[in-house]
Amino acid sequence: MSEARPVRIAVDIGGTFTDLQILDARQGRVFAWKTPTTPADPSEGLLTGVREAAERFGFALSDVGLLLHGTTIATNAVLERKLARGALLTTAGFEDVLEITRHARREIYALAPDPFPCLIPRELRFGVPERLRADGSVEQALGDLTPVLDRLRAAQPEAVAIGLLHAYANPAHERALRHAVVRALPGVPVSLSSEVSPEIREYERLSTTVLNALLMPVVKRYLDRLESRLGEGGFAPRIFLVQSNGGMCSLRRAAEQPARLLLSGPSGGALAAERISRRLERPNLVAVDMGGTSFDVSVVQENRIGLVTQGEVDRLPVRLPMVEMRTIGAGGGSIASVDPSGRLTAGPRSAGARPGPVCYRRGGTEPTVTDAHVALGRIDPDFFLGGAMQLDAKGAREAIANRIGAPLGLTQPDAADGILRVTNVQLAAAVRLSLFEKGLDPREFALLSFGGAGGLHAIEVAEELGMTEVVFPREPGTLSAYGILFSDLAQDLARSRLFLAGDAALPEITATLDGLRTEALQRLEEDGVPEAQRVVEIAADLRYRGQAFELLVPWPEAPDLPALLARFHAQHRARFSYAAEGEKVEIVTLRAIAIGRLDKPEEAAPPWPDATAPASTRQVWSAGAVAAWPVWRREAMRPGAPVSGPAIIEEAFATHVLPAGWRAEAHPEGALIARRIA
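On a predicted model such as this, the values are computed, not experimentally measured, just so you know. (Residues numbered from 1 in each chain as written. Predicted model: local features only at pLDDT ≥ 70, side-chain atom pairs only at ≥ 80, totals over all residues. Heavy atoms only, no water.)

### Side note on the overall build of the protein chain
Move 1: The secondary structure content of the protein chain amounts to 16 helices and 35 strands.
Move 2: Since a compact globule built from 678 residues should have a radius of gyration of about 26 Å, the 26 Å found for the protein chain is in line with a globular shape.
Move 3: Considered along the principal axes of its C-alpha atoms, the protein chain spans approximately 80 × 65 × 55 Å.
Move 4: The proportion of buried residues among the 678 residues of the protein chain is 56%.
Move 5: When contacts within the protein chain are restricted to residue pairs at least 6 apart in sequence, long-range pairs at least 24 apart make up 68% of them.
Move 6: Here the protein chain carries 75 positive and 83 negative side-chain charges, and the mean point of each set is 1 Å from the other. (Helix = DSSP H or I, 4+ residues; strand = E, 2+ residues; numbered from the N terminus. Rg over C-alpha atoms; globule rule 2.2 N^0.38 Å. Buried < 20%, exposed > 50% of the residue type's maximum accessible area, 1.4 Å probe, protein only. Contact = heavy atoms within 4.5 Å. Lys, Arg positive; Asp, Glu negative; His and termini not counted. Charge placed at Lys NZ, Arg CZ, Asp CG, Glu CD.)

Here's what the structure looks like:
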């Protein structure tokens, strides 16, 4: 997709900061910028950040041709329950599927298990007289809708979700019902399960459709505000939004299916990891993003990130393709405490930004992981956020001594060190699980660390896992925006049909694939993607007959069934350590990914200083004693001048701890590569 204007901007709006990455094709240079998020209207902070960046880096607002936008608006609306008041129309007799869920108990010994959330109350779930069979044929035709529509009008919902049984196989009843609802409630957004998530499993399909419906008014309000700001100062770029699958979509598609934005922000970091793996020629990476409250793990294998067909947000299933990621509640703001049994814990409770860690001087009283780093001298209290925020090291030490050291009979430094050790074990466990469940060995991967707190833990986590190389990318605090900067348009299409993977089903499989390809190309044409930049990738969900779960298997050779089966058996063996090659295999869902390639202007290598500047020193507690550690400024390091640990490497929005036995060197691409040498 050609750009007449030379500047491309990627934006990742978080809860505290709005991160920007700016690519100016005239220079090939990439710039990073941060500005405070404006929660009341995130578009205000976005435009403020763009203006600040334009002034700082010397481009005009009219130079911006493309704005790629990642956001947590949909996720935050679900977590905070700031959703529209919605109603659900479903097949009569199935009104309670949304509340019955899967009867899964996460705490199997709890006497009073916590019920799964249900976003639409019983009085707003209405049964519709109709019934389809699993093959899409009609068991009961759509009956008289007058009583249902009368009750719906009286309820006055702000959004309507329609999810009929087996609508994935035949959407006719859902479409007719939408037509009736639109006439009865003009202006009220309606979401169909056959369009949002046309796949088997009625609970997951209903949950996804309900989330989509309740988010439609929320996301539309934001997009309307954003569009209303276009034109100010000549700022009128074409805008695309990041989806959970890591691809972009148009504003129109985002307004119709906002559920696809639920993992919009975190997916950017995984996209960046995929790009970095190619640029650094490291095909196998474990990307870890550690911020204030969470630790996100994604795996890059053979230069590709993994995708899954279902995830969840706040225990609500979302049956949509998304970047495969594991998240635990461990970050710089994770609160450390001693439980009644005398066990030291860190997280998942977080101090957040307000009041934040004790050292923030905002009223926090409970020590956090960040407080432990400050107390041990690993973070410079005078250079936090590049010196924009002064930290209270004395307060951090006192809180740790009183709340952790005294109950456990430890000195303050030992207590702070204990907090970090407990945290590192948790982080390593999340990485280990993400690899072991795929049959992968951590020692065959490098660790890619980013996020504000990542560099403080990365090497110690790598040692815990037996890994010998850690990569710190340029501008780790805005890496998700960097990933967004080089992404493509992508739309997922699916057809759930049960096929035995054999020659007898091949004609029907081929016909279904042809239909998917045609629809995929049509969508790319609607988005204005030139024909030469349209790509359609095929995949399938497979299982052995009798299994209750599937594996997502890429199918570049479609419709070559032997090639698909060979991939499935190999993937099953890697994931579960066995493959039943003599068993019958079922194809449950066929998928197409419509990809519109965006132009990728060449990124120039970063400028380097003439010589590495000498280091300062700081007193750091480690291994039971205080010692003077060298402190290096990252921007003053150049390739060919390695730094040996123990040392600390600082930049404006991140600090990297380099223990003894490790050596770090700047890579010509701009990354910092740390390797174990002893």
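### Some thoughts on a nonpolar patch on the surface
Move 1: Together, F549, F576 and Y578 make up an exposed nonpolar region whose accessible area comes to about 280 Å².
Move 2: Mapped onto the elements, Y578 comes out in the loop between α16 (561-576) and β28 (585-596). (Patch = residues over 30% accessible without salt bridge, like charges linked within 9 Å, V, L, I, M, F, W, Y side chains within 5 Å. Areas by Shrake-Rupley, 256 points an atom, 1.4 Å probe, with all protein chains shown as cover. Salt bridge = Lys/Arg side-chain N within 4 Å of Asp/Glu carboxyl O.)

### Observations concerning the sheet that holds strand β32 (residues 647-651)
Backbone hydrogen bonds are what pair the strands of a sheet, in a parallel or an antiparallel way.
Move 1: Spatially, β29-β30-β32-β33 is the arrangement adopted by the four strands of the open sheet, whose pairing is mixed. Taken across any chain shown, the strands that pair with only one partner, and hence form the sheet edges, are β29 (616-622) and β33 (654-658). Between one strand axis and the next, the sheet turns through 30° on average, direction left out of account.
Move 2: Strand direction decides the pairing type here: β32 and β33, joined by five bridges, are antiparallel. Bridge assignment links I648 to a residue of β33, and that residue is V657. (Pairing = 2+ DSSP bridges. Axes fitted to C-alpha atoms, helices over the stretch in contact; angles between N-to-C directions.)

### Digging into the nonpolar core
Move 1: Core analysis: the largest hydrophobic core is formed by 79 residues, its most contacted members being I9 and L89.
Move 2: The element best represented in this core is helix α7 (residues 202-229), accounting for 12 residues.
Move 3: Mapping this core onto the domain boundaries places at least three of its residues in each of domain 1 (7-78 + 220-261) and domain 2 (83-215).
Move 4: Beyond its immediate chain neighbours, meaning those up to four positions away, I9 contacts L20, Q21, I22, V50, F59, V64, L66, L67, L68 and L485.
Move 5: Counting 59 residues, the second-largest nonpolar core is a separate cluster that includes V242, A270, A287 and L485. (Core = buried A, V, L, I, M, F, W, Y, C linked by side-chain atoms within 4.5 Å. Domains from an automatic or database assignment.)

### Here we look at the domain arrangement of the protein chain
A common way to report how large an interface is uses the accessible area buried once the components associate.
Move 1: Assigned domains within the protein chain: domain 1 (7-78 + 220-261), domain 2 (83-215), domain 3 (334-422) and domain 4 (488-596).
Move 2: With centres defined by C-alpha atoms, the gap from domain 2 to domain 3 works out at 47 Å.

### Considering the packing of helix α11 (residues 393-408) against helix α12 (residues 412-436)
Move 1: As a packed pair, α11 and α12 sit with axes 9 Å apart at the nearest point and diverge in direction by 80°. The angle between α11 and α12 places the two elements in the roughly perpendicular class. Touching R397, I400, A401, I404 and G405 of α11 are Q412, A415, A416 and I419, all from α12.
Move 2: Residues belonging to the contact of α11 with α12 are distributed by class as follows: six nonpolar, two polar and one charged. (Parallel < 35°, antiparallel > 145°, perpendicular 65-115°, else oblique. Nonpolar A, V, L, I, M, F, W, Y, C, P; charged D, E, K, R; others polar.)

### A word on helix α1 (residues 42-57)
Move 1: Over its 16 residues, α1 extends 22 Å from the first C-alpha to the last, a length consistent with the 22 Å expected when each residue adds 1.5 Å.
Move 2: Within α1, burial applies to P42, S43, G45, L46, L47, G49, V50, A53, A54 and F57.
Move 3: Structurally, α1 contributes buried residues whose contacts are with β1 (7-13), β2 (17-24), β3 (29-36), β4 (64-71), α2 (73-79) and α7.
Move 4: Within two residues after α1, G58 carries a phi angle of roughly 80°, on the positive side. (Expected span 1.5 Å × (residues − 1).)

### Section: the side chain of S267
Move 1: When you line up the elements, S267 lands in helix α9 (residues 264-279).
Move 2: Other than its neighbours up to four places away in sequence, S267 contacts V242, Q243, S244, G246, V323 and M325.

### Some points on the pattern of salt bridges
Move 1: With the rule as written, the count across this model stands at 52 salt bridges.
Move 2: A salt bridge links R201 to E550; its shortest N-O distance comes to 2.8 Å. Separated by 349 residues along the polypeptide, R201 in the loop between α6 (193-196) and α7 and E550 in the loop between β26 (534-544) and β27 (551-554) bring together distant segments of the chain. Like E550, R201 is buried.
Move 3: Among the charged side chains, a salt-bridge network with shared partners connects E199, R201, R319, D541, R543, R545, E550, E586 and R591.

### Comments concerning the packing of aromatic side chains
Move 1: Under the definition given, this model contains six aromatic pairs.
Move 2: Summarising the aromatic geometry, the rings of F31 and F57 are spaced 4.6 Å apart at their centres and angled 15° between planes, so their arrangement reads as stacked. With F31 in strand β3 and F57 in helix α1, this pair connects stretches of sequence that are 26 residues apart.
Move 3: Here F31 falls in the buried class, since its relative accessible area comes to 13%.
Move 4: Between the aromatic rings of Y360 and F384, the centroid separation amounts to 5.8 Å while the plane-to-plane angle is 50°, which identifies the pairing as tilted. Of this pair, Y360 sits in the loop between β22 (344-350) and α10 (369-375) while F384 sits in the loop between α10 and α11, placing them 24 residues apart in sequence. (Phe/Tyr/Trp six-rings, centres within 6.5 Å; stacked < 30°, edge-to-face > 60°.)

### Describing the environment of D24
Move 1: Along the polypeptide, D24 turns up in strand β2.
Move 2: Under the relative-accessibility criterion, D24 is labelled buried at 2%.
Move 3: Each C-alpha atom of the pair D24 and G58 lies 9.8 Å from the other, and the pair is 34 residues apart in sequence.
Move 4: Those residues in contact with D24 that sit more than four places away from it in its chain are P6, V7, R29, F31 and F59.
Move 5: For D24, the side chain forms a polar contact with the side chain of R26, separated by 3.0 Å. (Polar contact = N/O pair within 3.5 Å; in protein donor to acceptor, adjacent residues only side chain to side chain.)

### A few points about the sheet that holds strand β9 (residues 159-163)
Move 1: The four strands lie next to each other as β6-β5-β9-β10, forming an open sheet whose pairing is parallel. Since the sheet does not close on itself, it has two edges, and those belong to β6 (125-128) and β10 (190-192), each with one partner. Neighbour to neighbour, the strand axes of the sheet diverge by 20° on average, direction disregarded.
Move 2: Of the pairings in the sheet, the one linking β9 to β10 comprises three bridges and is parallel in character. Residue pairing in the sheet places I162 in a bridge with L192 of β10.
Move 3: Running over the sheet, helix α4 (residues 146-155) touches β5 (86-91), β6 and β9 and is turned about 165° from β6.

### What about the packing of α4 against helix α5 (residues 172-184)?
Move 1: Put simply, α4 and α5 touch, their axes get as near as 10 Å, and they point 45° apart. Considered as vectors, α4 and α5 are oriented oblique to each other. Two packed elements cross with a definite hand, and for α4 against α5 that hand is right-handed. Contact residues: L149, L152 and R153 in α4; A180, V181 and A184 in α5.
Move 2: Across the contact of α4 with α5, the residue classes tally to five nonpolar, no polar and one charged. (Left-handed = near helix turned anticlockwise from the far one by under 90°.)

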